[in-house]
Amino acid sequence: MGKKEVVRFKKVLHVRTVERDMARSELAERMAEEGAILGRINEVENMRDDAVASFCIPSGSAVSPQELWFARQSIDMMERKLANDRHELDTCRGKIEETKAELLTRHQNVQLMARYVGRLEEKADKALLDAEQKNLDDIVSMRFRRDARQGGAFA
């Protein structure tokens with residue numbers, strides 16, 4: 001295992017890290033979308049509550065059946081809008097859960113790859129140190145043999 005393999009797996013680690021970051025961004029976008037939907041739901045609920053309150057409170061003057069019908073239609077339209085928004089919220093929350101699961105998987109992949117790259121680096125460093133030590137041993141051995149041939153002491 002050499003430096004080339006470490007470099008190759010560092011590239012894989014980088015790709016997995018980028019994928020994890022993209023999943024994080026996607027999750028943030030989905031959560032922002034959820035917040036926007038909740039805001040719309042609250043707004044429409046307040047409008048509906050006001051409309052229902054004004055529908056139920058007698059105005060003191062005569063109200064035509066047509067005005068009552070229009071008021072009721074308006075309330076029904078708000079109810080349909082709320083139902084659609086709640087359905088959209090449920091869909092959005094399902095996507096959030098899927099994205100969270102995907103992010104967790106990608107994060108685990110990054111952690112696994114980081115540990116593997118760390119082990120590869122340790123092995124590569126150890127192999128380099130072993131090679132350097134072998135070279136030093138060879139040099140010492142050659143000097144020892146040379147000095148032994150010359151009759152001198154090891155210096």
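The structure under discussion appears in the preceding block.
Chemist: Can you help me understand helix α2 (residues 65-149) in this one?
Modeler: Three- or four-residue spacings in an α-helix give side chains the same orientation, since the helix completes a turn every 3.6 residues. Spanning 85 residues, α2 covers 124 Å between terminal C-alpha atoms, matching the ideal 126 Å at 1.5 Å per step. Looking one or two residues past α2, Gly151 carries a phi angle of roughly 85°, positive in sign.

Chemist: Can you walk me through the nonpolar core in this structure?
Modeler: The nonpolar side chains of soluble globular proteins are, as a tendency, buried together. Formed by 13 residues in total, the largest nonpolar core has its most connected members in Ile37 and Ile41. Elements with a minimum of two residues in this core: α1 (3-56) and α2. The biggest single contributor to this core is α2, with seven residues. Excluding anything up to four places from it in sequence, Ile41 contacts Leu82, Asp85, Arg86 and Leu89. In terms of nonpolar packing, the next biggest core, distinct from the first, is built from eight residues, Val6, Leu13, Val117 and Leu120 among them.

Chemist: Before we go on, may I ask you to explain the packing of aromatic side chains in this structure?
Modeler: The relation between two aromatic rings is expressed through the spacing of the ring centres and the mutual angle of the planes. In this structure the tally under the stated criterion is two aromatic pairs. Relative to Phe70, the ring of Trp69 has its centre 5.3 Å away and its plane inclined at 65°; by these criteria the two rings are edge-to-face.

Chemist: Help me out: how do you make sense of the packing of α1 against α2 in this one?
Modeler: Contact geometry of α1 with α2 gives a least axis separation of 6 Å together with a crossing angle of 165°. Taken together, the axes of α1 and α2 are roughly antiparallel relative to one another. When you trace α1 past α2, the crossing you get is left-handed.

Chemist: Looking at this structure, how should I read the pattern of salt bridges?
Modeler: Side chains that differ in sign of charge can pair as their charged atoms come close. One pass over the structure, following the stated rule, counts 19 salt bridges. Among the salt bridges present, the one from Asp125 reaches Lys3, with a minimum N-O distance of 3.4 Å. Pair noted here: Asp125 is in helix α2 and Lys3 is in helix α1, with a separation of 122 residues, a long-range link. Classification of Lys3 by relative accessible area gives partly exposed; the value is 49%. Among the salt bridges present, the one from Glu121 reaches Lys10, with a minimum N-O distance of 2.7 Å. In this pair, Glu121 sits in helix α2 while Lys10 sits in helix α1, placing the two residues 111 residues apart along the sequence. On the basis of relative accessibility, which here comes to 26%, the residue Glu121 falls in the partly exposed class.

Chemist: Would you mind showing me how to read a nonpolar patch on the surface here?
Modeler: A cluster of nonpolar side chains, namely Phe55, Val63 and Leu68, defines an oily patch on the protein surface of about 220 Å² accessible area. Positionally, Leu68 belongs in helix α2.

Quick notes on the rules
- Residues numbered from 1 in each chain as written.
- Predicted model: local features only at pLDDT ≥ 70, side-chain atom pairs only at ≥ 80, totals over all residues.
- Heavy atoms only, no water.
- Helix = DSSP H or I, 4+ residues; strand = E, 2+ residues; numbered from the N terminus.
- Expected span 1.5 Å × (residues − 1).
- Core = buried A, V, L, I, M, F, W, Y, C linked by side-chain atoms within 4.5 Å.
- Buried < 20%, exposed > 50% of the residue type's maximum accessible area, 1.4 Å probe, protein only.
- Contact = heavy atoms within 4.5 Å.
- Phe/Tyr/Trp six-rings, centres within 6.5 Å; stacked < 30°, edge-to-face > 60°.
- Axes fitted to C-alpha atoms, helices over the stretch in contact; angles between N-to-C directions.
- Parallel < 35°, antiparallel > 145°, perpendicular 65-115°, else oblique.
- Left-handed = near helix turned anticlockwise from the far one by under 90°.
- Salt bridge = Lys/Arg side-chain N within 4 Å of Asp/Glu carboxyl O.
- Patch = residues over 30% accessible without salt bridge, like charges linked within 9 Å, V, L, I, M, F, W, Y side chains within 5 Å.
- Areas by Shrake-Rupley, 256 points an atom, 1.4 Å probe, with all protein chains shown as cover.

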